[in-house]
Amino acid sequence: MIKAYLIDLDGTLYHGRHRIEGADKLIQTLNEQAVPYLFVTNNSSRTPQGVADHLNEMGIPAEASQVCTSAVSAAEYVAEESPGAKVACIGEAGLLQAIDEAGLQRTEEKPEYVIQGIDREFSYQKLTKALRWINDGAKSILTNPDLQLPSDDGLTPGAGTIGAAIEAATGVSPTVIGKPSSIIMKSAIERLNLRADEVAVIGDNMRTDIAAGAAAGCETLLVLTGVTTKENMDNHISATKIRPDHVFDNLHKLIEWLSQHASQASKKG
């Protein structure tokens, strides 16, 4: 029985600054059913509060405590592996805050880890530093492997593109935290204090959201509101070797399913 949901953001609840039809109703439905959920995003630039503010501005109620970002998961991963470790950061505000809150020491002198996310001020100088840090033995951590990001005026390079440059320079493959890695999902599941088979993942992207959910052992709910469409779904299934457990044309269809699921659960209860 599904007891909680992990919900993707961009492409599932909104496109940039525009709310997808039914997104507010979806969250309202879960709140009315008193079903726990977390927003899980590969975005490493925003803090959890920044993500919550962005959602609230679009009429989707959210609190920072409900947000799980790849930046927070990356910092927590390193802190669990090596508490208080010396860390070099290539990233923006969300990653910097996450590193500080995890009790890690930010430094550019002989770091034990290099944690890299999106950095829109990335430069040849930063690439050189990363090369030397990692060659000197620092472990490479990548918040998320997204190669492209949508913006108001078109696509821009993502954290994965920067990560590819660092990997090419060093020859070292990073530990990837964000989707499609299961690491971020397991982190979110632990916060819910549930088993993976009690959690379902809602997302629009077969290659990230659904792949990550499947890797973590969760039920998967694909909504055709973003990256994966009816036209390309078979290609995505072929590429990932994964089939979503449920597919919905839009959020309204998902909401209908949630209501039916809640009704069946109450009868069993």
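Heads up: the structure comes first, above all this text.
Residues numbered from 1 in each chain as written. Predicted model: local features only at pLDDT ≥ 70, side-chain atom pairs only at ≥ 80, totals over all residues. Heavy atoms only, no water.

1. Remarks on the environment of Ile-2
Within the secondary structure, Ile-2 is located in the segment before strand 1 (4-7). In sequence terms Ile-2 and Cys-218 are 216 residues apart; their C-alpha atoms lie 9.3 Å from each other. Excluding its chain neighbours within four sequence positions, the residues that come into contact with Ile-2 are Glu-198, Ala-200, Glu-219, Trp-257 and His-261. (Helix = DSSP H or I, 4+ residues; strand = E, 2+ residues; numbered from the N terminus. Contact = heavy atoms within 4.5 Å.)

2. Some remarks on the packing of aromatic side chains
Counted under the stated rule, the structure contains two aromatic pairs. Geometrically, the ring pair formed by Tyr-37 and Phe-39 is edge-to-face, given 5.5 Å between the ring centres and 70° between the ring planes. An identical accessibility class is assigned to Tyr-37 and Phe-39; each is buried. (Phe/Tyr/Trp six-rings, centres within 6.5 Å; stacked < 30°, edge-to-face > 60°. Buried < 20%, exposed > 50% of the residue type's maximum accessible area, 1.4 Å probe, protein only.)

3. Topic: the nonpolar core
A general tendency of soluble globular proteins is for nonpolar side chains to be buried together. Membership of the largest hydrophobic core comes to 31 residues, with the highest contact counts inside it found for Tyr-5, Ile-7, Leu-13, Leu-26, Phe-39, Leu-55 and Leu-254. Taken together, the elements giving at least two residues each to this core come down to strand 1, helix 1 (23-32), strand 4 (37-41), helix 2 (48-57), strand 13 (199-203), strand 14 (219-223) and helix 10 (251-268). Ranked by the residues each element gives to this core, the list is headed by helix 10, at five residues. If we skip the residues at most four places from it in the chain, Leu-254 touches Leu-26, Ile-202, Leu-221, Val-223 and Phe-248. Formed by 16 residues, the second largest nonpolar core is a distinct cluster that contains Val-72, Val-78, Ala-85 and Ile-141. (Core = buried A, V, L, I, M, F, W, Y, C linked by side-chain atoms within 4.5 Å.)

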